[in-house]
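# Descriptive structure summary
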Amino acid sequence: RTSSAEEHLPNTLRQALVYRALGFPMPTFAHCSLILAPDRSKLSKRHGATSVGQFKELGYLPEAMNNYLAMLGWNDGTEKEIYTVEELSEAFSLDRITKSPAIFDLDKLKWMNGQHLRALDDSALADVLGPVLSSKGLASSGSDEHVVVALPLLREKLELAEDATDEMSAMLGYSFEDTIANASDKNCQKELESGGLKKVADAMLARHADGSLGAAISEGNLKGLLKDVGKELELKGKGLFMPTRIVLTGRSSGPDVGEQLRVVSLAEGAVDVCVGLDARMERLKAWADSA
């Protein structure tokens, strides 16, 4: 059996004559509909990457490419969209291919790539992310201790391996000054106006000075420390957790604060761009003293 695009349909008669003239067994010929760009024109370089090598360089997994290409103009009659290569080899058949042209949707491909990335076990994901993080100076390899600890935090929103660099950079950095200066960050502005940010900043600075903040982070007991801070300041819920997030991580959103700080503690000294706890508290104190 041979298969090709529908644009090769006119060649089929000549190919059949060649087979017959040479005395070869006649195969079954199949012609599939074309894969079109979103504007329904023929897919070309102006629509972005068009070769397998280019997609690999952009961070797409082979498993995701196989899955997505198989789903263009085909399905197994169910709602299932995510397949392993082994599952595809068992389920795929030409009789389920549709006659209408398929549209190459890059957003859908990214989504599917994310599904496959997040399905990798920790070891395989570290192998994928390690070179990307290393190229940005965020790790030396995927086996770095801070990378291993960060994997569950990086995994959550991955679509491309490159996405991990943005989140890791944000975790290791400390953009406190930019965050409080950002008028569109409503959560931060609310805490500034209420005075909650200053109260929590002072409390964290005091606990950093007496060593209890560093101890809570290393022991994985930041929640216990926050409970004491909440009682002292008579704050709870978002009124406690939001300013804590801002003063310790420098941003008003992101993964679990305690886990982020654990990653920072492991990366400090090993990654040049990492802003350690002491440096964070020094910058926080400079703000608190002038607030």
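Located above this text is the structure these notes cover.
Worth saying up front: this structure is predicted, and the values here are computed from it rather than measured. (Residues numbered from 1 in each chain as written. Predicted model: local features only at pLDDT ≥ 70, side-chain atom pairs only at ≥ 80, totals over all residues. Heavy atoms only, no water.)

## Regarding the overall build of the chain
On a plain count of helices and strands, the chain comes out with 16 helices and four strands. Expected size for 291 residues packed as a compact globule is a radius of gyration near 19 Å; at 27 Å, the chain overshoots this value by more than 25%. By its C-alpha atoms, the chain is 90 × 35 × 35 Å across when sized along the principal axes. Within the chain, the fraction of its 291 residues that count as buried is 38%. The contacts in the chain between residues at least 6 apart in sequence include a share of 66% that link residues at least 24 apart. Of the accessible surface of the chain, which amounts to about 16,300 Å², a share of 52% is contributed by carbon and sulfur atoms. Computed over 33 positive and 43 negative side-chain charges, the inter-centroid distance for the chain is 6 Å. (Helix = DSSP H or I, 4+ residues; strand = E, 2+ residues; numbered from the N terminus. Rg over C-alpha atoms; globule rule 2.2 N^0.38 Å. Buried < 20%, exposed > 50% of the residue type's maximum accessible area, 1.4 Å probe, protein only. Contact = heavy atoms within 4.5 Å. Areas by Shrake-Rupley, 256 points an atom, 1.4 Å probe, with all protein chains shown as cover. Lys, Arg positive; Asp, Glu negative; His and termini not counted. Charge placed at Lys NZ, Arg CZ, Asp CG, Glu CD.)

## Here we look at the pairing of strand β1 (residues 2-5)
Here β1 runs beside strand β2 (residues 29-32); their pairing, made up of four bridges, is parallel. What sits directly across from Ser 4, in β2, is His 31. Where the polypeptide runs from β1 across helix α1 (residues 12-22) and back to β2, its parallel neighbour, the crossover connection is right-handed. (Pairing = 2+ DSSP bridges. Right-handed = clockwise from strand over helix to strand, strands pointing away.)

## Examining the packing of aromatic side chains
Scanning the entire structure with this criterion turns up eight aromatic pairs. Between Phe 55 and Phe 104, the aromatic rings sit 5.9 Å apart at their centres with planes inclined by 45°, giving tilted as the arrangement. Placement of the pair is Phe 55 in helix α2 (residues 52-57) and Phe 104 in the loop between β4 (102-103) and α5 (106-119), with a sequence separation of 49 residues. In this structure Phe 55 comes out as buried when scored by relative accessible area, which is 6%. An aromatic cluster is built from Phe 55, Tyr 60, Tyr 68 and Phe 104, whose rings are joined through pairwise contacts. Taking NZ or CZ as reference, Lys 80 lies 4.9 Å from the ring centre of Tyr 83, over its face. (Phe/Tyr/Trp six-rings, centres within 6.5 Å; stacked < 30°, edge-to-face > 60°. Lys NZ or Arg CZ within 6 Å of the ring centre and 35° of its normal.)

## Regarding helix α15 (residues 257-267)
Along α15, the positions that sit buried rather than exposed are Val 257, Gln 260, Leu 261, Val 263, Val 264 and Ala 267. All buried residues of α15 project into a common sector of 155° when viewed along the axis, lining one side. Tucked into the core, α15 has its buried residues touching α7 (145-155), α8 (163-172), α12 (212-218), α13 (222-233), α14 (238-249) and α16 (277-290). The N-cap residue of α15 is Asp 256: its side-chain oxygen and the backbone nitrogen of Gly 258 are 3.1 Å apart. Just downstream of α15 lies Gly 269, where phi reads positive at about 90°. (Arc of directions from axis to C-beta. Polar contact = N/O pair within 3.5 Å; in protein donor to acceptor, adjacent residues only side chain to side chain.)

## Remarks on the pattern of salt bridges
For the coordinates displayed, the defined rule picks out nine salt bridges. Linking Arg 155 and Asp 122 is a salt bridge whose minimum nitrogen-to-oxygen distance equals 2.6 Å. Residue Arg 155 is located in helix α7, and its partner Asp 122 is located in helix α6 (residues 122-135); the two are separated by 33 residues in the primary sequence. On the accessibility criterion, Arg 155 (16% relative accessible area) is buried. Classification of Asp 122 by relative accessible area gives partly exposed; the value is 42%. (Salt bridge = Lys/Arg side-chain N within 4 Å of Asp/Glu carboxyl O.)

## Regarding unusual backbone geometry
Its identity is not glycine, yet Arg 40 carries a phi of approximately 70°, on the positive side. Mapped onto the elements, Arg 40 comes out in the loop between β3 (35-36) and α2. Using a relative accessible area of 52% as the deciding quantity, one classes Arg 40 as exposed. A positive phi is found at Glu 234, a non-glycine position, where the angle reads about 55°. The topology assignment puts Glu 234 in the loop between α13 and α14.

## What about the packing of helix α10 (residues 186-194) against α14?
The angle between the axes and the distance between the axes are what describe a pair of packed helices. Where α10 meets α14, the closest approach of the two axes is 10 Å, and the angle between their N-to-C directions is 105°. Between α10 and α14, the angle falls in the class roughly perpendicular. For the pair formed by α10 and α14, the contact residues are Asn 187, Cys 188 and Glu 191 on the first element and Lys 238, Gly 239, Met 242, Pro 243 and Ile 246 on the second. Its residues assigned to classes, the contact of α10 with α14 comprises four nonpolar, two polar and two charged. (Axes fitted to C-alpha atoms, helices over the stretch in contact; angles between N-to-C directions. Parallel < 35°, antiparallel > 145°, perpendicular 65-115°, else oblique. Nonpolar A, V, L, I, M, F, W, Y, C, P; charged D, E, K, R; others polar.)

These values are about where atoms sit, not about what they do.
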